[in-house]
Amino acid sequence: MSKLVKVLAILVACIIAAGTCEGLDNIWDLEAVDQYGIGTHPKVNASTNDPNNRVIVEGIALAGSSEILNPGPPAGMGIAYTLFIQDDTSYRGGIQAWAGSWFYGDPLWTSLRNTDYINVNAGDRVRITGFLADAGRGKVVINHRHSNNPVLVFTVEVLGHPGLPDPVFIPSVSACNYFDQTRAGGGEFYQTRYAMLHGLNIVSGNWANNSLLTVADSTGSVGMLLSLMGDFNGKQPPQGKLNVVGIFDQEDTTLPHTEGYRLWVKRQSDVALALDACRQVRSRSNGERVGLANKVVSRAYPGYFYIQDAGRTGGVRVVSNRSVVPGNVVCVQGSVTSITNEKVVTPTYLIVNSGSAPKPIGVTSRELWRMTGLDVRGLLVRCVCKIGVDQGGGVYSLTDDAGKTIYVQTNGVTLPSTGTRVAIDAVVSELNGTPMLLLASGDDVHTLE
Ligand SMILES: [Ca+2]
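Residues numbered from 1 in each chain as written. Predicted model: local features only at pLDDT ≥ 70, side-chain atom pairs only at ≥ 80, totals over all residues.

Asks: Talk me through the overall build of the protein chain; I want residue IDs and the actual numbers.
Replies: Within the protein chain, the regular secondary structure consists of five helices and 25 strands. Projecting the C-alpha coordinates of the protein chain onto the three principal axes gives extents of approximately 85 × 50 × 40 Å. If you take every contact in the protein chain between residues at least 6 apart in sequence, the share linking residues at least 24 apart comes to 65%. (Helix = DSSP H or I, 4+ residues; strand = E, 2+ residues; numbered from the N terminus. Contact = placed C-beta atoms within 7 Å.)

Asks: Go over the environment of Gln236, please, and point to the residues and values.
Replies: Following the sequence through the fold, Gln236 ends up in the loop between β10 (220-226) and β11 (242-250). Each C-alpha atom of the pair Gln236 and Asn206 lies 9.6 Å from the other, and the pair is 30 residues apart in sequence.

Asks: Hey, could you go over the environment of Gly246 for me, with residue numbers and the actual values?
Replies: By the secondary structure assignment, Gly246 is in strand β11. Along the primary structure Gly246 and Lys266 are separated by 20 residues, whereas in three dimensions their C-alpha atoms are 6.5 Å apart. Setting aside residues no more than four positions away along its own chain, Gly246 makes contact with Ala195, Leu263, Trp264, Val265, Lys266 and Asp270.

Asks: Outline the nonpolar core, listing residues and values.
Replies: Across soluble globular proteins, you tend to see nonpolar side chains buried next to one another. In this structure, Ile85, Ile142, Val244, Leu263, Ile307 and Leu437 are the most contacted members of the largest nonpolar core, which totals 110 residues. Of all the elements, strand β14 (residues 289-301) adds the most residues to this core, at six residues. (Core = buried A, V, L, I, M, F, W, Y, C linked by C-beta atoms within 7 Å. Buried ≥ 20, exposed ≤ 12 C-beta atoms within 10 Å, placed from the backbone.)

Asks: Let's hear about the pairing of strand β3 (residues 94-100): which residues, and what values?
Replies: The element β3 is extensively covered by neighbouring structure, given that six of its seven residues are classed as buried. The pairing of strand β2 (residues 80-86) with β3 spans seven bridges and is classified as antiparallel. Paired with Ala80 across the two strands is Gly100, which belongs to β3. (Pairing = 2+ DSSP bridges.)

Here it is in structure tokens:
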């Protein structure tokens, strides 16, 4: 579903729910900061004697209530409940809610875990009602003001389960590791949003649960916090640069609160090997997790599409039912699998942005058979050839001026009659070592004579 359709759907849902959205606070507005990174919204640290100072926010939980901190019950030191929710009606805004069990003790904590600080799954749409605070760590949160007063308890309700949002792609570390009070960019823009960074090296820190590492690319460094409740212990990160998805967060306990940005990573499977080029997927093992950034969709087919490097050096198949069109710019994190010996990527995370449709590279059957040293597999090509004969299963043979036979999978497109000279635009795949053009549309068959 496109962002616009999503927004419209939510608006319609609000209207149907007759006023449910009325009185909702805008998360982005609640997170406004001054030059010191201190929350400026009037309800930040406002008197809890006035129930009207409560805020009501709705958004998508970016992690389950047991994925970041251990919420118990029972109560105990370090047993805490936290949620990060992201606004799903705009491209910006997220807020954290937090409660510490040791302020309550049992049986109150156990009771509250059933009534207010309830279990939530990642991807749940939730509503949180409570008081707003700036706890002096660089962000405005909903919490209980570190009190056991029942009036200050915030309430979490689950409204549905639309699933996790696509992460936002942060183009470089330098785009997120600085403070900008206006929030036009920098850490404040990305704070409490689901985000992807690509091409990170580990500078320092241990690979373990609850460990804060420093990671960097050529533009700068930033924190990366491995979740206390993650599965990092005893594992190693991929050997090479990293592609990572997590919750963008800030923890800066000293004034000004303008540093301490970090990506809070939930689990090992959200960390992948960052690849530069699509063709590098071919040398990875099945099951390995890889990430590719800013690749261009060449053609889309039922159930999959191809992406290629902007410089047209190679391409790879992405197995997905997501609606994409040629020219979409894609960032993907997923696992490597094989389909008839072709290495493909099945995404866990997929980010789709707009762009310009790529032009095909002209080839002959010599390039398609890799007789010239060029490797055009996975790329959008144009091949001038004559239509051959039906091989069954939607496959036709083709011959070109270089004389070699190649094949095209028509995918339901009706070809001109045998012997017709055509230029075919298609992505190059292969079947059992034989070059196979994958036709996406009748518009890609140009009759020449
Ligand atoms: Ca902040």
